[in-house]
Amino acid sequence: MDMMTAAHINSLLAAMVLLTAFGMLVQKRIYGLIHLFTWQGLFLSLNTAVVGYVASQHHLYISSVLTLALKVIALPYILHVLIHRLKIHKEVETVVNIPTTMLIGLALVVLSYHLTSPIRELSTLITRSTLAIALATVMIGLLMMITRRHAVTQIIGFLAMENGLFFAATSATYGMPLVVELGVALDMLIAAFIFGIFFFHIHTTFDSLDVEQMARLKEDE
Amino acid sequence: MTAMVNTSTMLLILLGVPLVGSAILAMVGDRKGAAELNIGASLATFVAGIGLAIEVYAQGPMLAGGKFFFVDAFNVYLAVLTSFVSMTTAIFSRRYMEREREHGRIGYRRMRFYHAMYQLFIFAMLLCLLTNNVGVLWIAMELATLSTVLLVSLYRTPTAIEAAWKYFILCGVGIAQALFGTVLLYFAAERVLGAGGDSLLWTNLNAVSGSLEPTVLSLAFVFLMVGYGTKVGLVPLHNWLPDAHSEGPTPISAVLSGLLLNIALYALVRCKVLVDGSTGTHRAGDIMMGFGILSILVAAFSLLRQKDIKRMFSYSSIEHMGIATFAFGLGGPLATFGALLHMLVHSLAKSAIFFTVGHASQMHWTQEMDRIRGLFKGNPLVGWGLMLGALAIVGMPPFGIFTSEFLILTATMKQSPLLTPFLLLGLAVAFAAIIRRVQSMVSGEIPQHQVRMKAAHVPVLLHMVLVLAIGLYIPDVLHQWFRTAVELLK
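Cut-offs and rules
- Residues numbered from 1 in each chain as written.
- Chains lettered and ligands numbered in written order.
- Predicted model: local features only at pLDDT ≥ 70, side-chain atom pairs only at ≥ 80, totals over all residues.
- Heavy atoms only, no water.
- Helix = DSSP H or I, 4+ residues; strand = E, 2+ residues; numbered from the N terminus.
- Rg over C-alpha atoms; globule rule 2.2 N^0.38 Å.
- Buried < 20%, exposed > 50% of the residue type's maximum accessible area, 1.4 Å probe, protein only.
- Contact = heavy atoms within 4.5 Å.
- Lys, Arg positive; Asp, Glu negative; His and termini not counted.
- Charge placed at Lys NZ, Arg CZ, Asp CG, Glu CD.
- 1 Å grid on protein atoms, 1.4 Å probe; cavity = no way out; pocket = protein on both sides within 12 Å on 5 of 7 lines; lining within 4 Å.
- Points joined across faces, edges and corners; volume = space filled by probe spheres on them.
- Nonpolar A, V, L, I, M, F, W, Y, C, P; charged D, E, K, R; others polar.
- Patch = residues over 30% accessible without salt bridge, like charges linked within 9 Å, V, L, I, M, F, W, Y side chains within 5 Å.
- Areas by Shrake-Rupley, 256 points an atom, 1.4 Å probe, with all protein chains shown as cover.
- Salt bridge = Lys/Arg side-chain N within 4 Å of Asp/Glu carboxyl O.
- Phe/Tyr/Trp six-rings, centres within 6.5 Å; stacked < 30°, edge-to-face > 60°.

**Here we look at the overall build of chain B**
Consideration 1: For chain B, the helix and strand inventory stands at 19 helices and 2 strands.
Consideration 2: Against the 2.2 N^0.38 benchmark of 23 Å for 490 residues, chain B shows a C-alpha radius of gyration of 21 Å, consistent with a compact globule.
Consideration 3: Taken along the three principal axes of its C-alpha coordinates, chain B extends 70 × 55 × 45 Å.
Consideration 4: Going through the 490 residues of chain B one by one, you find that 67% of them count as buried.
Consideration 5: Long-range pairs, those at least 24 residues apart, make up 81% of the contacts in chain B with a sequence separation of at least 6.
Consideration 6: Across chain B, 33 positive and 24 negative side-chain charges occur, with their mean positions spaced 7 Å apart.

Okay, structure coming up:
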């Protein structure tokens, strides 16, 4: 595989990651969301392996396997189990203003390209052009967390943001040092257990996972 | 050589005790003596902290554990403070949590969870302070958040769950921005230092900060500022703080307000030093000053309309963190000295206040200030503790916060006089808001619903005496210490 092909594959996978991010932004069904999240993880993992191969950065293989294990297998599995136990797999969320959300998403992509342009000029890595996509994925995750009202959706948005961050690390620098990546993965795993516990608490206390109901702690006027 | 060994041993004890303590407390569960074990572990941590401080005082800054840890005057003083406050909080928590359990607010399993997570939280904070790796700093910060999320929701009331969810989500989002900032930092570092774990070591970064790409670092700082700024509770990223600090058990409020905010500010200051070194301008400082002033003003005016006692003091924490952030942003020896002192005295005074607030609300079984009355008569220690704590926190002489605020104000008048009125306005409004409320709580007759109880004397007294002592006279050791830290942060 020569440099050009690798760069093309890298761009293709980056596009797929962004596409799944947009998909999540408007997906109403919880199962659909988890599937999209799984796909995103898979693209991420493949991309990491490709970059690792081309740049002969062997520690990236470890991150690739780690991503596969955590984001394609463990986290989707945990989410599936939770949703099954909470019996909310058929729930459909009402998502308002899809066109507006999409437009804001597009604006965020443009903004990301603008913000990262000084870095693209400095970098010599083959992956440099995908840094903007990575930042866009982070921002779209953020947007998703703001616009959606379901606890599970918010968490998936959170995890998608983390995917974007991971992608940023591989595209800007060929991955963070291994100790950092392992630590981040550990934090993610702990977070997964915590939100699992949370889902049950919210569900038993509020009878639903709609976080809109949690509005008691407003400032008294 | 012996010094190196000593440092490593001290570090090992300092970080090992809370980690092992957490595991043991998780296994022991809520037996008799679990609270004492919690105190014992915290005491051991504190002793190790003092030991490490003595080492650093004698030897100067040093690396340990294969460059993984870095100890200098700045972080070791915070490590001692952290271990000290977590020890006194553990003492306070013994009686407080016992009462909460008698009252049926928590049961066996949650007590066990509480103790284990308390120690894990201390471990995470100390790791944040002592690690030399900027990436590990981020990981430890996230761990500190994660270990306290479920403590905030410990009572499982709807409001507690809501507060914890907000804390989890907003801090998660915030801290994700900081990770992006860290990635950018690594990107800049890799070009100078080469790939690998060593490029994220703070000491290495600081040594070459002049040759790091300024455009990248400026961009990185924006993300780091938003990320760690969320954890410091700076306006407008503060939404989670009053909820998280007021809904959890009071010992947790004390350590969240008194310690975790300091740690986040520490991370921010470490990043600022790197960015300033690279850009050679004062832009990072200006951004911090902006956030600081905004936090002071917004928090001061929010104080006026609080009804919940713990919420009120949470807003006061935002205000004080604003002051410290502002002072670090201002820079210069005087302001930095003031900021370091402010972090110390605020931490001591605020945790003391939360101890008394915890007792006061247990005496009335409410956190509503309108229903808390007659504390002077009901329990003089709690009444006077709250009154003196409030006087200290609003910056009355002769308490230590007066000294630090005075230093910061003097520096502001010298360096950017136009901002002084804003600072004074914030302080004045906060003064009025807090004193008005506290006065009505401590005075008056004992209301019928007040119950008598034994308060934990030692922690409150210890903290207040220290805050007073620092206000009257800053010991040479401390003075020397801060001077060294100021040099480091130049």
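From this point, the discussion proceeds with the structure in view.
**Overview of empty space enclosed by the protein**
Consideration 1: Enumeration according to the criterion identifies 4 cavities of 30 Å³ or more in this entry.
Consideration 2: The calculated volume of the largest cavity comes to roughly 200 Å³.
Consideration 3: For the largest cavity, the lining is made up of 17 residues, of which Lys71, Glu162, Phe166, Glu181 and Val184 of chain A are closest to its centre.
Consideration 4: Where the lining of the largest cavity is concerned, the elements lending two or more residues are helix H3 (59–86), helix H6 (151–173) and helix H7 (178–206) of chain A together with helix H6 (158–193) of chain B.
Consideration 5: Here the residues of the lining of the largest cavity are counted per class, giving 12 nonpolar, 2 polar and 3 charged.
Consideration 6: The computed volume of the second largest cavity comes to approximately 80 Å³.

**Re the environment of Ala390 of chain B**
Residues and elements named next belong to chain B.
Consideration 1: Locating Ala390 in the fold gives a position in helix H15 (residues 380–393).
Consideration 2: A residue is classified by how much of its surface remains accessible, and Ala390, at 0% relative accessible area, is buried.
Consideration 3: Along the chain, Ala390 and Phe431 lie 41 residues apart, while their C-alpha atoms are 8.9 Å from each other.
Consideration 4: Setting aside residues no more than four positions away along its own chain, Ala390 makes contact with Ile353, Ile434, Ile435 and Val438.

**Considerations on a nonpolar patch on the surface**
All names here are of chain B.
Consideration 1: A cluster of nonpolar residues, Leu19, Val20, Ile24, Met27 and Leu37, forms a patch on the protein surface that exposes about 440 Å² of accessible area.
Consideration 2: A total of 4 residues in the nonpolar patch trace back to one element, the largest contributor, which is helix H1 (residues 2–28).
Consideration 3: Mapping Leu37 onto the fold places it in helix H2 (residues 34–59).

**Some details on the packing of aromatic side chains**
Any aromatic ring pair is given by two values, namely how distant the centres are and how the planes are angled relative to each other.
Residue and element names in this part refer to chain B.
Consideration 1: This model, assessed by the stated rule, comprises 22 aromatic pairs over all chains.
Consideration 2: Where Phe337 meets Phe482, the ring centres are 5.5 Å apart and the plane angle is 85 degrees; that geometry is what we call edge-to-face. With Phe337 in helix H13 (residues 332–364) and Phe482 in helix H19 (residues 476–488), the pair connects residues that are 145 residues apart, well separated along the chain. Each member of the pair, Phe337 as well as Phe482, is classed as buried.

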